[in-house]
Every structure is written in C-alpha cells, then in structure tokens.
Amino acid sequence: MEKYSINEPEALTSSVQNSLLKTKAFVNGQWINAASSKTFDVTNPATGELIASIPDMNREDVSEAVDAAYAAWPSFRDLTAGERASLLKKWYALILEHKQELATLMTMECGKVLQESLGEVDYGASFVEWFAEEAKRTYGDVIPSHAKDKRIVVIKQSIGVVAALTPWNFPLAMITRKVGPALAAGSPVVVKPPSETPLTGLALAYLAEKAGFPPGVYNTVTTKDSSEVGKELCENKKVRKLSFTGSTSVGKILMRQSASTLKKLSLELGGNAPFIVFDDADIDAAVKGAMVSKFRNNGQTCVCVNRLFVQDKVYDEFVEKFSRAVAELKVGNGLDKDVQVGPLINQKGLDKVQQHIDDAVAKGACIVQGGKPLEGLYYTPTVLSNATSDMIIAQDEVFGPVAPVFRFKTEEEVIQMANDTDYGLASYFYSRDIARCWRVAEALEAGMVGINEGLISTTVAPFGGVKESGMGREGSKYGMDYFMEIKYLCFGGIS
Ligand code: SIN
C-alpha cells in the first residue's frame, strides 16, 4: 500500500503563480479572449483542481488567426535563413532558461512526473536548436542539363501557413517538433494545443513573443471544440500544411476534411508497438528496456510498448523479473519527489485501461502484478501473462500502464504476430544474434525499430510510422522537407 500512497503535492498554489501561466490566446502579437468571451477550464489530473480558465475560440476566431499568419508570411519568408535561425536560437535559450517553470506547468496539466517533464523540456528545446541549424542548410540542386541552351536549378521554398494540432501527452515537444522546422523554413504557424494541456502551449507562445518573432508569425489558439476548429484549419485555403499528432481515427477525419483543399499533411498517429524478447537476449537488459518503453509517461505515448512477445524458453524468467520491477514503481502526484508514475489523463483513459484488463482476464489472461484502480485517476502498473491474439489489447493501443505478455515459439511466428496489426509506428526487440537482428529489423513493419533498446526518440532521427500510423517524418535532416516546396527553374536561351 505504501508504494501507492498519494501524497499532498507541495506548494501547488505557488506553482500556479508560475510566471508562464497565460490565460489568453496569442494571435497577431496580441493576447486575446475568444470573440464570444467564452472560456473553458483546465484541471490538474492529479488532484482534479482547477488550474486556469482560458478562451474557448470558435471557427471565426481561428480564421482570424490564419489571416494574421497569412499576412505575416511574405516578410517572414524573406528574412534570411540566418535571421530566422537567430530568432529560433533566442527562443531555444528562453525555453531552457524557464525549464523549471515549464516542467511544473506541464506536470500540473498532464500529470506526467516532474522528472519526465524536465526531460521533455530538453527534448522539446532540442528540436528548436536543431532546426535553427537546419534553417541554413535548405540547399537546392543544380542539375546537369538535358539541353545545351538550358540550365536547371532546384530551390526549396517555404510552404506557407502551417497549422499544428498537438496532443496532450507531450504538451511541449510535439509543438516544437512541428513549429521548429516550419519557422526555420519561413512558414508562420497557427498552433492548436489540446484542450487538456493548452497552458504549456501558451507558455511557449509567450517565450516566442519574447524571442522577437514578428506579429502574426507565431499564433496559438485555444478551444474546447477541437472538431470545429480542426475543420476550419483543414478547410481554410490559406493554410497550406497541417501537421497533426494524435489518434488514427482523428487523423482519418482530418485527412478527409483536407481533401477539398488538397492540403499537405503530416500525420503522426497511433501505434501498437511490439516488444520481442528472443531466448538469446540479455534478459535483464530486456526488462530494463521494457520498463522504460512501457511506463514512460504512464504508458501514454504512441511509441509505448503495447504487446510484449517472449520466447517460450525465457518466458517465465522474463515475466518474473519484469513483474518484480513493475511492483517497485511508485505511483502518485507527478510533483512529488520520487514518484515514477502519475495519473491517467482523464476518466476515459482510466476506463479504457480497466476495459482492456477485464477483457483480457475474461479471455484467459492472468494478472501477475497490479490490475487495480486507485483513488482518482491513478491505476496500479499492471502485468498480464498468458495474453492471446483474441484479446482487445492485442489490436487496440491501451494508452496506459498495462503490459500484456504473449508467448511465442519461433522467429517466423513472432514476426507474423508482431506485424498482425493495422499500425506500424515503433517496434522493439532484444537478441544477441547479429544475423537475427538484421533479419528481424528488416521484417518488422514499422517506421522505427529499437534493437536492444527501449527508448528511441531523439531529435536527430526521423520519427514517424507506416500503415495506419500515419505519414511523414518529424525531426532529423528529413524533418524540414515537409515544410518546404520544391521548385524547379529552367533557364533557357543560354548560348
Ligand atoms: C508521442 O507519443 O506522440 C511522441 C512520443 C515521442 O516523441 O517519443
């Protein structure tokens, strides 16, 4: 019981006086209310307490933000790459300068433990730094001509206004991963953070204002009505690119809505990550990898392990060691020292966890560890053995602290099991056989593969998925391309 005690968060009210707590939206360089003056509440999932009430904007409000971004586009894209890079570097420095306040705000609105929020500030800031550097390297090409009197040149140009629709599970890093390359490319942005965690997004807007981005270049709109506002951003012709991180079902709606304007899309959607442990693996390393991959942000990331596959010979050993490690996790308010697992984001998230567990148990799974709700939005980290492919959890992302362990016999069988899903975002496996490492890495249908590694997210590598996990890549040297258009120039009459 002691491990799961939920302590009173210290100095909660003083953290609300965080200088980065902004309660208005940011459009065209102004802090504004919704035209209707409507607001909605943002609450702390750890305690249920109200943190702030902020503007509940509608389609018309958002259309005005798009107009402001569109008006700011010509002069912003005409800045030199170096000038845009230095604005980004100022923003980067300000984000790091306010690391503690940003992390506190993030933990308060999304429940993530403070240590992880601090890590997310570094992770998020690193995209700003990376794309400040990439801004100066958006090279084109000179192509050897097909005709003596012609010369062929390729240039890359800003795509135009970018809408960034971001999720609650990474309130900071998913904004900077989209906005960093957009701004570096000379594209103004309209950011719509989720209604659960808009405050970190507003704090980022405030720091962007302080960094000196011209009015209209960086806008943040807030709303409770994500579907209407999302529709406006899809259907508005002045928005040339929409980048979304969230569920596959919402991604499909956005794609349908974007058809009328043939908007360019980047979609980072759901996952159903397999984590395979072969019998030649270092089991202790695999347990460590599974812990970090499964329980990062309380299982609420799209690259979290959803299905653990363990080979027959090492199944019992793995389940025993893994369950012991899971039993040690301390659950509580993310602001409390030593807490490793916070609350679920909301009741819907908690209910889903319980439904997946109930379904699995009804179909023959055994609860080896956890399996109980706690007070509020907390759930005991759970390990299920004897998982089978007919269980809901085999196909549906649980997005919570539940680890089902499946048994397999051969490499062929587990590759088939791992790929038996509509998703293809992250995947992981542990083996010490180098030939098998190549074979399995190539056979897994996923955009990212961790080989003897459970934590794969980094600025320098391309993040994204295949199949119904989406399209496009974020971060890395590839990330800029999704915010630029390629133009080919043909110079004729050269004699
Ligand atoms: C996500 O879950 O949406 C992103 C996770 C990451 O960047 O590691």
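Residues numbered from 1 in each chain as written. Predicted model: local features only at pLDDT ≥ 70, side-chain atom pairs only at ≥ 80, totals over all residues. Heavy atoms only, no water.

K.L.:
Pulling in residues and values, what's your account of the overall build of the protein chain?
P.N.:
For the protein chain, the count of helices and strands is 14 helices and 22 strands. Relative to its length of 495 residues, the protein chain is compact, with a C-alpha radius of gyration of 23 Å against a globular reference of 23 Å. Its C-alpha atoms give the protein chain principal-axis dimensions of about 75 × 60 × 40 Å. In the protein chain, buried positions account for 57% of the 495 residues. Look at the contacts in the protein chain between residues 6 or more apart in sequence, and 74% of them connect residues 24 or more apart. For the protein chain, the computed accessible surface area is about 19900 Å², with 52% contributed by carbon and sulfur atoms. Distance between charge centres in the protein chain, computed from 53 positive and 61 negative side chains, equals 7 Å. (Helix = DSSP H or I, 4+ residues; strand = E, 2+ residues; numbered from the N terminus. Rg over C-alpha atoms; globule rule 2.2 N^0.38 Å. Buried < 20%, exposed > 50% of the residue type's maximum accessible area, 1.4 Å probe, protein only. Contact = heavy atoms within 4.5 Å. Areas by Shrake-Rupley, 256 points an atom, 1.4 Å probe, with all protein chains shown as cover. Lys, Arg positive; Asp, Glu negative; His and termini not counted. Charge placed at Lys NZ, Arg CZ, Asp CG, Glu CD.)

K.L.:
So what's going on with the packing of aromatic side chains? Which residues, and what values?
P.N.:
Applying the stated criterion to the full structure yields 15 aromatic pairs. Between Phe275 and Tyr428, the ring centres sit 5.9 Å apart and the planes meet at 35°, which makes this aromatic pair tilted. Of this pair, Phe275 sits in strand S12 (residues 273-277) while Tyr428 is found in strand S18 (residues 426-430), placing the two residues 153 residues apart along the sequence. Seen in terms of ring centroids, Phe309 and Phe406 are 5.0 Å apart; in terms of plane orientation they differ by 40°. Their pairing is tilted. (Phe/Tyr/Trp six-rings, centres within 6.5 Å; stacked < 30°, edge-to-face > 60°.)

K.L.:
Provide a residue-level description of the domain arrangement of the protein chain, including the pertinent values.
P.N.:
As assigned here, the protein chain comprises domain 1 (3-269 + 470-487) and domain 2 (273-458). Using only C-alpha atoms to locate each centre, domain 1 and domain 2 end up separated by 30 Å. Between domain 1 and domain 2, the contact holds 30 residues from the first and 37 residues from the second. Regarding the contact of domain 1 and domain 2, the summed buried area is about 2700 Å², with carbon and sulfur atoms giving 59% of it. Where domain 1 meets domain 2, there are 0 salt bridges. One can count 5 residue pairs in polar contact (both at pLDDT 80 or more) joining domain 1 with domain 2. (Domains from an automatic or database assignment. Buried area = accessible area lost by both parts, 1.4 Å probe. Salt bridge = Lys/Arg side-chain N within 4 Å of Asp/Glu carboxyl O. Polar contact = N/O pair within 3.5 Å; in protein donor to acceptor, adjacent residues only side chain to side chain.)

K.L.:
Before we move on, could you go through the site of the ligand and cite the residues and values that matter?
P.N.:
Around the ligand sit Tyr123, Asn169, Phe170, Met174, Arg177, Thr245, Arg296, Thr301, Cys302, Val303, Ser457 and Phe463, and that is every residue in its neighbourhood. Within the side chain of Ser457, one N or O atom sits 2.4 Å away from an oxygen atom of the ligand. Computed on the free molecule, the ligand has an accessible area of 260 Å², of which 100% lies beneath the protein chains in the complex. Each residue belonging to the shell around the ligand can be placed in one class, and the counts come to 6 nonpolar, 4 polar and 2 charged. (Near = heavy atom within 4 Å. Nonpolar A, V, L, I, M, F, W, Y, C, P; charged D, E, K, R; others polar.)

K.L.:
Which residues make up the pattern of salt bridges, and what are the values?
P.N.:
Evaluation of the coordinates by the stated rule reveals 24 salt bridges. Among the ionic pairs, Glu474 bridges to Arg177, the shortest N-O distance being 2.8 Å. Placement of Glu474 in the loop between strand S21 (470-471) and strand S22 (484-491) and of Arg177 in helix H6 (residues 173-185) is noted, with a sequence separation of 297 residues between them. With respect to class, Glu474 is no different from Arg177; both count as buried. Asp312 is paired through a salt bridge with Arg407; the nearest N and O atoms lie 3.0 Å apart. With Asp312 in the loop between strand S13 (305-311) and helix H11 (315-327) and Arg407 in strand S16 (residues 402-408), this residue pair connects regions lying 95 residues apart in the sequence. Judged by its relative accessible area of 34%, Asp312 is partly exposed. Salt bridges linked by common partners bring Arg59, Glu228, Lys231, Glu232 and Glu235 together as one network.

K.L.:
Tell me about the sheet that holds strand S5 (residues 141-143), residues and numbers included.
P.N.:
Taken together, the 3 strands give an open sheet; going across it, the order is S5-S6-S22, and neighbouring strands pair in antiparallel fashion. The open sheet has two edge strands, S5 and S22, and neither has a second partner. The sheet shows a mean angle of 25° between the axes of neighbouring strands, direction not considered. (Pairing = 2+ DSSP bridges. Axes fitted to C-alpha atoms, helices over the stretch in contact; angles between N-to-C directions.)

K.L.:
Outline the sheet that holds S13, supporting the account with residue identities and numerical values.
P.N.:
Pairing is mixed in the open sheet, where 7 strands are placed in the order S14-S15-S16-S13-S12-S18-S19. Strand pairing shows two members of the sheet lacking a second neighbour, strand S14 (366-369) and strand S19 (448-451), which therefore form its edges. For this sheet, the mean inter-axis angle between neighbouring strands, taken without regard to orientation, is 25°. The pairing of S18 with S19 spans 4 bridges and is parallel. When the sheet's bridge partners are listed, Ala426 is paired in S19 with Met448. Contacts between helix H12 (residues 347-362) and the sheet are confined to S14, strand S15 (382-387) and S16, with S15 contributing the most and set at about 30° to the helix.

K.L.:
An account of the packing of helix H3 (residues 81-97) against H6 is needed here, citing residue identities and associated values.
P.N.:
Axis separation between H3 and H6 bottoms out at 8 Å; the angle between their running directions is 150°. Considered as vectors, H3 and H6 are oriented roughly antiparallel to each other. Handedness of the H3/H6 crossing: right-handed. In this structure, H3 uses Arg84, Leu88, Trp91 and Ile95 to contact H6, whose residues at the interface are Thr176, Val179, Gly180, Leu183, Ala184 and Ala185. (Parallel < 35°, antiparallel > 145°, perpendicular 65-115°, else oblique. Left-handed = near helix turned anticlockwise from the far one by under 90°.)

K.L.:
Tell me about unusual backbone geometry, and name the residues and values.
P.N.:
Even without being glycine, Asn297 reaches a positive phi, approximately 50°. With respect to the helices and strands, the residue Asn297 is situated in the loop between helix H10 (283-295) and S13. Unlike most non-glycine residues, Asp338 shows phi in positive territory, near 75°. Here Asp338 is to be found in the loop between H11 and H12. Look at Asp338 and you get exposed, because its relative accessible area is 55%.

K.L.:
Go over helix H9 (residues 248-257) with me, naming the residues and quoting the values.
P.N.:
Buried within H9 we find Thr248, Gly251, Leu254 and Gln257. Taken together, the buried residues of H9 touch strand S7 (161-165), helix H8 (226-235), strand S10 (239-245), strand S11 (264-268) and strand S17 (423-424).

K.L.:
Quick rundown of the nonpolar core? Include the residues and the values.
P.N.:
Counting 65 residues, the largest nonpolar core has Trp91, Ile95, Val179, Leu183, Leu199, Phe213 and Tyr218 as its most contacted members. When residues of this core are assigned to their parent elements, the largest contribution, 9 residues, is made by helix H5 (residues 114-134). Both domains that meet at this core, namely domain 1 (3-269 + 470-487) and domain 2 (273-458), each give it at least three residues. Excluding residues that lie within four positions of it along the chain, Tyr218 makes contacts with Phe26, Trp91, Ile175, Val179, Leu183, Val189, Val191, Leu204, Ala205 and Ala208. Counting 37 residues, the second largest nonpolar core, distinct from the first, contains Val287, Ala290, Val310 and Ala426. (Core = buried A, V, L, I, M, F, W, Y, C linked by side-chain atoms within 4.5 Å.)

K.L.:
Go over the confidence of the model for the protein chain with me, naming the residues and quoting the values.
P.N.:
Of all residues in the protein chain, 97% attain a pLDDT of 70 or more, and the chain-wide mean is 96. Confidence over residues 1-15 falls short of pLDDT 50; this stretch has 33 contacts with residues more than four positions distant or in other chains. (pLDDT = per-residue confidence, 0-100.)

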